[in-house]
Amino acid sequence: MKTGAKILVESLLREGTEIIFGYPGGVVLPIYDELYDSPLRHLLVRHEQAAAHAADGYARASGRVGVCLATSGPGACNLVTGIATSYMDSTPVVAITGQVPTNLLGNDAFQESDITGITLPITKHNYLVKSAGDVSRVVQEAFYIAGTGRPGPVLIDIPKDVSTGLAAEVKLPDKVTLRGYNPTYKGHKRQIEKALELLGHAERPLIYAGGGIISSNASPELMEFATLASIPVTTTLMGIGCIPCHHPLNLGMLGMHGTEYANFAVTECDLMIAIGARFDDRVTGRIETFAPHAKIIHIDIDPAEIGKNRRVDVPIVGDVKGVLKDLLALMKKQGAHEVWLKKIKHWKQHHPLKCPTTDGLHPQFVIRTLSELVKDKAVIVSEVGQNQMWTAQHFCFHNPRTWITSGGLGTMGFGFPAAIGAHFARPDVPTFVIAGDGSIQMNIQEMGTVAANKIPVKIAILNNMYLGMVRQWQELFFDHRYSFTELPPVDFVKIGQAYGIEGMQVNRPEDVLPAFQASLDCDGPFVMDFRIEREENVFPMVPAGAAINEMIGGHPR
Amino acid sequence: MKPHTLSILVENKAGVLSRVTGLFSRRGFNIESLAVGPCEEPGMSRITIVVIGDDAKVEQVMKQLNKLIDIIKVSDLTENERVERELALIKVTAEQGTSRAEIMQIATIFRASIVDVSPKSLVLQVIGETDKIDALEKLLRQYGVKEFVRTGTIGILRGSKIVSGGK
Ligand SMILES: Cc1ncc(C[n+]2csc(CCOP(=O)(O)OP(=O)(O)O)c2C)c(N)n1
Ligand SMILES: [Mg+2]
């Protein structure tokens, strides 16, 4: 007989868990006692929200399930933003929470909150475990559900008496079978043939590639498909990295802050192949004018995404990697789409992303400098706001899972803790978080975590002393009325020092490269406080409700 | 916007009903009626939900329902030949005299049965489609409906087709 807590830790190890991110408290004491001398590594964060984001960052960088742990009540509630973030971006996370003993459930006991109820709409599934004998099966199922099909977070709520209760070893099946959960992996052959028929007739095809390509590890297949069939590729914020930035077929990001040429291509294409993408409103702008001349092929593992926002001509439900393989196997030689590609080349030449050349420290320059310095040897995590968009636009990503950002939920405070998680997934390369001065202060306490554990996350703050993205909207659409978006100056280097972290404040362009170099030379964490032009904007931009070819801040057409 | 009758086969587990209803409420759907009970398979329940909504929105909810791990199968019965029934209990004011006789006559016409009699009231039990029950209740209003309780619609396909199985 073993305790539920012991079974839990053994089950996590059995699933191959390397590290869990957590924070202790009353009802998880039995679990923490088990962790005390366990081979399972535990990282103590400074706020449970950071544990959830770190597990998420680990999952995104590695493709494996990330795990976080918190106590009941306030601990569990602090995970909520992180769980919602991972739900919106479909990342595999298992969140474990302690719960009050089963006999007190529903009594408003000390530190009780109904976390399975609270997380119902933001988890792929959740469990309230009722007996120690169920723990191993539930953990096995949770990992299976989180990591397969369309990935997502799964929460396991474990009452204290379940952790302390005793149960005999349960023989687990090698493979989980759940009657109500059978994702479709294989695309329908007839649909694949139909897609190829459409492709055969297309003169101006375009691939719209989303985060599903990253989560399905389908970049090689995507590249092969795009190259063989001569189809340009535009990626969503989540899809960045699925095709190298400098690839001739790559059009960069589409949508609200997409490149002009990507948005032009969307508007003029006659066939759009959406792969692992979901026609989000930040991508489509006014949906009625999105890809108005195009037939749509939509490949996604989640049938609920098909036709949700846009009528689709050929839906293919399946794992995008497998579907792309099948497409490749059946594909005959395709036209070269020369006229189309020439047109795109022309757009690319005449409508490049702008990098300001006036005096002062420009964020675009900061990002480009880092990009040239680290090339493909880094994991880049962003916060949310202008910092995120400048990084998405100006950093040259070469590989999948090297760009990590909160897309669907847009969670400020995600970046720094996610970078901590990413570091444990990719200790072989440096991890940078590109932050805003607002976002970094949402989880700045994690400086304690990186300092105490010498976690070499490099923190680059694009400090504009504003909630810059909101200020930009106020400037453009609210008549410069900067209502509560100015942040008083903060000396982030000094904050770092208080935690024992080295750092540098950067005010001039010529100091940018040396600062990044210093950060790499330092074997621990490092803070860079870039005092950028305060009112720099992110352009081009599609105003809310406009068609995506109606951009402001671009080049004249 | 039209009523849809959805038949949902679920694992009979704690919380499954809130998972299902949550998907409707977060989209601003109002559930017209809801009936739940055990079914032909041990450990399973069948939920019948009637909602009013446009076809595309209902289709999206059905797809989301299908994604729930505890849901085995979701079908929209609306487009199919089906039998739908609801049971209602109606407590009507019925003093001795003419009104009591009239009420009993109405009951006969609706094939409702009198399941409780007291000096001042009668309880009618009626089975039928929603329209029939609505009609009866409306007729009885003139006598004074003290309480009106209904089970919510349940539905089943005509012929040998069934709503079950792996999804
Ligand atoms: C938790 C949270 N609260 C509020 C917002 C709304 N929001 C989006 S961007 C932004 C400003 C971010 O400021 P900062 O981190 O300094 O980044 P900047 O835009 O200046 O680069 C805000 C407040 C959000 N995305 N997340
Ligand atoms: Mg800022």
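Below, the structure is looked at part by part. Here the structure is a predicted model, which means the values were calculated and not measured.

Focus: helix 6 (residues 135-147) of chain A
Residue and element names in this part refer to chain A.
Alright, step 1. The terminal C-alpha atoms of helix 6 lie 18 Å apart, and with 13 residues this matches the ideal 18 Å at 1.5 Å per residue to within 8%.
Alright, step 2. Among the 13 residues that make up helix 6, ten are buried, leaving the element largely enclosed by the rest of the structure.
Alright, step 3. Of all the positions in helix 6, only Val135, Ser136, Val138, Val139, Gln140, Glu141, Ala142, Phe143, Ile145 and Ala146 are classed as buried.
Alright, step 4. Contacts from the buried residues of helix 6 go to helix 1 (4-14), strand 4 (66-70), strand 5 (93-99), strand 6 (125-128), strand 7 (153-159) and helix 7 (160-164).
Alright, step 5. Taken from the residues just after helix 6, Gly149 is the one with a positive phi, measuring 55 degrees.

Let's talk about the layout of surface pockets
Alright, step 1. Within this model, the second largest pocket holds a volume of roughly 1,100 Å³.
Alright, step 2. Tyr87, Asp302 and Ala304 of chain A together with Gln64 and Lys67 of chain B are the residues nearest the centre of the second largest pocket, which is lined by 39 residues in total.
Alright, step 3. Secondary-structure elements contributing two or more residues to the lining of the second largest pocket are helix 4 (74-88) of chain A together with helix 1 (16-25) and helix 2 (55-67) of chain B.

Considerations on the site of ligand 1
Residues and elements named next belong to chain A.
Alright, step 1. Surveying the vicinity of ligand 1 reveals 17 residues, the closest of which are Gln386, Gly410, Gly438, Ser439 and Gly468.
Alright, step 2. Within the backbone of Met412, one N or O atom sits 3.3 Å away from a nitrogen atom of ligand 1.
Alright, step 3. Asp437 has a polar side-chain atom sitting 3.0 Å from an oxygen atom of ligand 1.
Alright, step 4. Compared with its free state, where it exposes 580 Å², ligand 1 has 77% of that area covered by protein.
Alright, step 5. Going through the elements one at a time, helix 16 (386-394), helix 18 (437-440) and helix 20 (468-477) are the ones with two or more residues in the shell around ligand 1.

Section: the coordination of the magnesium ion (ligand 2)
Residue and element names in this part refer to chain A.
Alright, step 1. Surrounding the magnesium ion (ligand 2) are the protein donor atoms Asp437 (OD), Asn464 (OD1) and Tyr466 (O), at 2.1 Å.
Alright, step 2. Donor residues for the magnesium ion (ligand 2) sit on one chain with the sequence pattern D-x26-N-x1-Y. Within this pair, whereas Asp437 is found in helix 18, its partner Asn464 is found in the loop between strand 18 (457-463) and helix 20, the two being separated by 27 residues in sequence.
Alright, step 3. A residue is classified by how much of its surface remains accessible, and Asp437, at 2% relative accessible area, is buried.

A few points about the pattern of salt bridges
Residue and element names in this part refer to chain A.
Alright, step 1. According to the stated counting rule, one finds 44 salt bridges over all chains in the structure shown.
Alright, step 2. Notably, a salt bridge pairs Lys343 with Glu268, separated by 2.7 Å at the nearest N-O pair. With Lys343 in helix 14 (residues 338-350) and Glu268 in helix 11 (residues 260-268), this residue pair connects regions lying 75 residues apart in the sequence.
Alright, step 3. Glu486 is paired through a salt bridge with Arg534; the nearest N and O atoms lie 3.2 Å apart.

What counts, and at which threshold
Residues numbered from 1 in each chain as written. Chains lettered and ligands numbered in written order. Predicted model: local features only at pLDDT ≥ 70, side-chain atom pairs only at ≥ 80, totals over all residues. Heavy atoms only, no water. Helix = DSSP H or I, 4+ residues; strand = E, 2+ residues; numbered from the N terminus. Expected span 1.5 Å × (residues − 1). Buried < 20%, exposed > 50% of the residue type's maximum accessible area, 1.4 Å probe, protein only. Contact = heavy atoms within 4.5 Å. 1 Å grid on protein atoms, 1.4 Å probe; cavity = no way out; pocket = protein on both sides within 12 Å on 5 of 7 lines; lining within 4 Å. Points joined across faces, edges and corners; volume = space filled by probe spheres on them. Near = heavy atom within 4 Å. Polar contact = N/O pair within 3.5 Å; in protein donor to acceptor, adjacent residues only side chain to side chain. Areas by Shrake-Rupley, 256 points an atom, 1.4 Å probe, with all protein chains shown as cover. Donors = N, O, S within 2.8 Å, 3.2 Å for Na, K, Ca; no water. Salt bridge = Lys/Arg side-chain N within 4 Å of Asp/Glu carboxyl O.

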